[in-house]
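So you can see what is in the structure, the chains are spelled out below.
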Amino acid sequence: MPHFTVVPVKDQAQDRYDSLEGINWVDYRHTGQDHQDTVSSDGHGNHKEDRPFLNSADAASKNNDFYDRNLALFEEELDIRPKVSSLLSRLVSYTNITQGAKEHEDEESAGASRRKTPKTPNMGTLMGVYLPCLQNIFGVILFLRLTWIVGMAGIMQSLLIVLMCCSCTMLTAISMSAIATNGVVPAGGAYFMISRSLGPEFGGAVGLCFYLGTTFASAMYILGAVEIFLKYLVPQAAIFHATDSLGGDSAMLNNMRVYGSICLSLMAVVVFVGVKYVNKLASLFLACVIISIVSIYAGALKSMTHPPEFTICMLGNRTLVRDRFDVCAKTVTKDNMTVPSQLWERFCLPGNMSSAQCDDYFLQNNVTEIQGIPGLGSGIIKENMWGDYQRKGEILEKVGLESVEVHGATDNFGMYVSADIATSFTLLVGIFFPSATGIMAGSNRSGDLRDAQKSIPVGTILAITTTSLVYISSVVLFGSCIEGVVLRDKFGDAVHKTLVVGTLSWPSPWVIVIGSFFSTVGAGLQSLTGAPRLLQAIAKDNIIPFLRVFGHGKANGEPTWALLLTGLIAELGILIASLDMVAPILSMFFLMCYLFVNLACAVQTLLRTPNWRPRFKYYHWALSFLGMSMCLALMFISSWYYAIVAMVIAGMIYKYIEFQGAEKEWGDGIRGLSLSAARYALLRLEVGPPHTKNWRPQLLVLLKLDEDLHVKYPRLLTFASQLKAGKGLTIVGSVVQGNFLESYGEMQAAEQAIKHMMEIERVKGFCQIVVASKVRDGIMHLIQSCGLGGMKHNTVMMGWPYGWRQSEDPRAWKTFINTVRCTTAAHLALMVPKNVSFYPSNHERFTDGNIDVWWIVHDGGMLMLLPFLLKLHKVWRKCCMRIFTVAQMEDNSIQMKKDLATFLYQLRIEAEVEVVEMHDSDISAYTYERTLMMEQRSQMLRQMRLSSAEREREAQLVKDRHSLVRMGSLYSDEEEEVVEAPPEKVQMTWTREKCEAERRNRKNAPENFRELMSLKPDQSNVRRMHTAVKLNEVIVNRSHDARLVLLNMPGPPRDTDGDENYMEFLEVLTEGLERVLLVRGGGREVITIYS
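Calculation notes
- Residues numbered from 1 in each chain as written.
- Predicted model: local features only at pLDDT ≥ 70, side-chain atom pairs only at ≥ 80, totals over all residues.
- Heavy atoms only, no water.
- UniProt positions renumbered as here; feature names shortened; annotations may be inferred.
- Helix = DSSP H or I, 4+ residues; strand = E, 2+ residues; numbered from the N terminus.
- Buried < 20%, exposed > 50% of the residue type's maximum accessible area, 1.4 Å probe, protein only.
- Contact = heavy atoms within 4.5 Å.
- Areas by Shrake-Rupley, 256 points an atom, 1.4 Å probe, with all protein chains shown as cover.
- Axes fitted to C-alpha atoms, helices over the stretch in contact; angles between N-to-C directions.
- Parallel < 35°, antiparallel > 145°, perpendicular 65-115°, else oblique.
- Left-handed = near helix turned anticlockwise from the far one by under 90°.
- Nonpolar A, V, L, I, M, F, W, Y, C, P; charged D, E, K, R; others polar.
- Core = buried A, V, L, I, M, F, W, Y, C linked by side-chain atoms within 4.5 Å.
- Pairing = 2+ DSSP bridges.
- Disulfide = S-S within 2.5 Å.
- Expected span 1.5 Å × (residues − 1).
- Arc of directions from axis to C-beta.

Naming follows an unreviewed UniProt entry, where the protein appears as Solute carrier family 12 member 4 of Gymnodraco acuticeps. According to its UniProt record, the protein has this under Catalytic activity (unreviewed entry): "K(+)(in) + chloride(in) = K(+)(out) + chloride(out)". Quoted verbatim from the Sequence similarities (unreviewed entry) field of UniProt, the annotation for the protein is "Belongs to the SLC12A transporter family. K/Cl co-transporter subfamily."

Okay, structure coming up:
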């Protein structure tokens, strides 16, 4: 029975766990009084465990028996991993404080300390989600534009608009609830949820869209507040006034710009000085909203019995601007005399009543008064049921009133109430949609909620339900109580410049005017507070490099720079100056944000990722897709050109983050989607090999690393990138020699070095490192196992073994030849760039020159295809392609040239064609001498390696004098092939016989040299050398100035004894050429003449 002892060791892995997500350590080990040894403080009130693992010194000394009995088996694991008790305690003490205003408020409090223990979140569903959502959803559109929308679109189409917008937000809320309940959602709301679900690219794009939407929302609220101020509260404050009856609109826009800019500046100062004031006033602003809405319902109910007195003056069927005259009549009785009224004087030139020149329409139509608010029981709902869209400048007319249609003077156009913009159903959708936004308020406050996973779905869905019911009932009430021409009167010109919704309210229109003003100001402040924090959260995530500056702020974390940018963008919205023009802009950005929330939920649901376990169960991918489709439809319904602009902005941000942003891995759904798509595609590719038309070189690039694990020949990667042009598969492989258990760190370093070099050379592909005891075995493993399914390499590229002649160690060229044999056996194509250091970099450009192809044997078309692919790259684009083929004496060279030209024409490859005739000639003395030198050198190297082996063996004998060892190769597995007859067993005892035999070997050395000199070359080697020399002469003669020469690579000899001669043949074949690419086909056709 073995005995185990727990040895106390110093903890080295503590730091990596102490800093995990700000979760604090709590130790369950000691229940007694002595806690000071296990828990310490970091000086800021955050406890940290000094020795969290059970093999710490105290644990071993105090409770050694306890751990020996229970956890001794896992003592090595606990050196690097925490106990379950420690992990659970960290999760319990995890606190999630919002990125919103809470901590800034604490920082600005006079008595707050610099470091404060976070309070336990204690907000419930009502205060934490429901009411904030109500405050954000109800806004300026309800008070300023809903009556106008009902008047223009009619009750039925207005209900359709409300139903479309609210259905879209409800479906989005369901998707958002699923995402928000799938784990802890830190503050950041929609941005955090989308970025962690769809990845940094989508997250950054949509986060910025959400930011722009919130910023333009602040501009819209400010414009709404200024409109209420100038139109209904203090009309006398207007700076610009109309010079004629047609200039009122431009004067009003200028007033909006001036007062909007002033209001924005004041609000930005308030937000900058202290967010706590904004938060404290939030409840007051919400009270204003609720009181205003209640007053509308009260006024509508009261109108059943006592409708308010708001009369409208009509001339014929046209609506008159009521504040331009006092009495709604053509004449008035004054001192028992009938005299012209102010209305008469407006339409007629000065003079007595009989001879005055008046407007024709004024003379032929009567002036009447009708009730502006007939009341709930009046039956006016029938007239308001259907829409009456107006063109810009069209006068508001009441259907059913008698009127004589004659043209009046244009000078009197300002007396009538007219449409300020052209209206349509799509325009009204874009204007109304902002009143349905604001559903993210609950998720933004997730850090303050007692149970966020319960409160967010319930509170958000209840808030949307409530607001939808209010909007639907308001549409019906407005259409049932208010006269149609008053509804279509956007600014209340027909009712003494009174806010139209205020005419229905009880007890006074001022309740609505003042309430809507304060609620609009409050909403603007909330948007100006939230938008900079959202931008700061995006900047701190460091996914968009140029936004980093906006992650900084005041000492308390207040986003000063982000607030400045927000103010500038909001000023752009204010300079537009029209509420109706700004509303569709922010509708686009919010709709895009909601679209991606739905997409995130749908993707996570369909992928069934293991981490997708929402507590909110009432969701379905079909609902998410429906919500996504509705968002997309609403974008194009409300404004197709704004939709395109918003999508282009989001697309540009996406591509920018993809190319320039920081690499982030957030476990997002897009990675899972990519994995599923890749799996599906790989399974499809498994059906069979690719058709010849689809064949392209899928490269396995074999790299050699130096002692410092740097890539020895980086131009191999450069050439691979030029050949691939970013298409197809590229696997970069290398072999680290050693034992995997000991060399894992070295393998990781080699992988990082290769990936860095791939990034520099812009090679898009994969890196594969193999650890093997022998380089040859590692390369064989790479050739056999790289790739997956149908995405496997079909071509191997490797470097030439430079210096093989000078090296006594044959491993380099033995490995090279073995790789050639392996690729042939695996039916893979092979490319060997020779003199690769002379190959051009990606920054060079060849403005002229040729790529010469020497087509000696047919290899499936590889030699034709490779130059074509190279010419697609900018480095080789200007080069011309020339194809040379060799004709023997019995061949018809003229016919060969014609046939080759026809073949290239059918291949759609442009190239010059030349046929080189090689005459039979006697073997030259140079060839004979070159062959003799090659064989003598091979024999000499064998003897040198053998004598070297003997010397090594002698040293080993002295060292291990009294032991018996089985003698193997002293170099590598390749050496066994070099040594002709290694002894099976050697008696490791130094005897007299052994000493005399060694002396005899030394005496025989001169005799061996004489044998070398008397060698006669082998006839087959002479023939091969003759071919190599002749071909080399022809190639150098024709292609000495070519930019690149592609050449058929002859196969290695079947007999391994001739390997060294094979290397010499290749050297002779390529002598005198600057850049050579030796190509060997894989045994299949790779190019076709068919379409």
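And the narrative resumes.
Enquirer: Lay out the overall build of the protein with the relevant residues and their values.
Expert: If you tally the helices and strands in the protein, you get 37 helices and 19 strands. Burial statistics for the protein: of 1091 residues in total, 50% are counted as buried. Look at the contacts in the protein between residues 6 or more apart in sequence, and 81% of them connect residues 24 or more apart. When the accessible surface of the protein is summed, it comes to about 53,100 Å², and 57% of that surface belongs to carbon and sulfur atoms.

Enquirer: Now, about the packing of helix 10 (residues 200-233) against helix 24 (residues 640-660): what can you tell me, with residues and values included?
Expert: Helix 24 packs onto helix 10 with a crossing angle of 140° between their chain directions and a minimal axis gap of 8 Å. Classified by the angle their axes make, helix 10 and helix 24 are oblique. Our pair here, helix 10 against helix 24, has a crossing hand that is right-handed. The residues of helix 24 that touch helix 10, namely those facing Pro 200, Glu 201, Phe 202, Gly 204, Ala 205, Leu 208 and Cys 209, are Ala 650, Ile 653, Tyr 654, Ile 657 and Glu 658. In terms of residue class, the contact of helix 10 with helix 24 is made up of 9 nonpolar, 1 polar and 2 charged.

Enquirer: Describe the nonpolar core, with residues and values.
Expert: Of all hydrophobic cores here, the largest spans 164 residues; its most connected members are Met 220, Phe 432, Tyr 471, Phe 478 and Phe 596. In this view, Tyr 471 contacts Ile 137, Phe 138, Leu 142, Leu 146, Val 162, Cys 166, Phe 432 and Ser 435; residues no more than four positions away in its chain are not counted. Counting 53 residues, the second-largest nonpolar core is a separate cluster that includes Leu 705, Ile 754, Tyr 839 and Trp 855.

Enquirer: Go over the sheet that holds strand 7 (residues 367-371) with me, naming the residues and quoting the values.
Expert: As summarised here, the arrangement of the 3 strands in space is 4-3-7, forming an open sheet in which the pairing is antiparallel. The strands lining the two open edges of the sheet, one partner per strand, are strand 4 (318-319) and strand 7. By the bridge criterion, 2 bridges tie strand 3 (residues 311-315) to strand 4 in an arrangement that is antiparallel. Within strand 4, the residue paired with Leu 315 across the bridge is Arg 318.

Enquirer: Pulling in residues and values, what's your account of the state of the cysteines?
Expert: Applying the stated rule across the entire model yields 2 disulfides. A sulfur-sulfur separation of 1.8 Å characterises the disulfide bridge that pairs Cys 348 with Cys 358. On the sign convention where negative is left-handed, the bridge of Cys 348 and Cys 358, at about 110° about the S-S bond, is right-handed. Of this pair, Cys 348 sits in the loop between helix 13 (342-347) and helix 14 (360-364) while Cys 358 sits in the loop between helix 13 and helix 14, and the two are 10 residues apart along the sequence. In the protein, the bonded cysteines, numbered by position in the sequence, are linked as 1-2, 3-4. Of all cysteine sulfurs, the one in Cys 631 lies closest to Cys 168, which takes part in no disulfide; the gap is 3.2 Å.

Enquirer: A description of helix 23 (residues 621-638) should follow, citing residues and the corresponding values.
Expert: With 18 residues, helix 23 extends 26 Å between its outermost C-alpha atoms, agreeing within 8% with the 26 Å of an ideal straight helix rising 1.5 Å per residue. Along helix 23, the residues that are buried comprise Ser 624, Gly 627, Met 628, Met 630, Cys 631, Leu 634, Met 635 and Ser 638. Looking down the long axis of helix 23, one finds its buried residues gathered within 160° of arc, a one-sided arrangement. The secondary structure elements touched by the buried residues of helix 23 are helix 8 (146-180), helix 15 (425-432), helix 22 (579-607) and helix 24.

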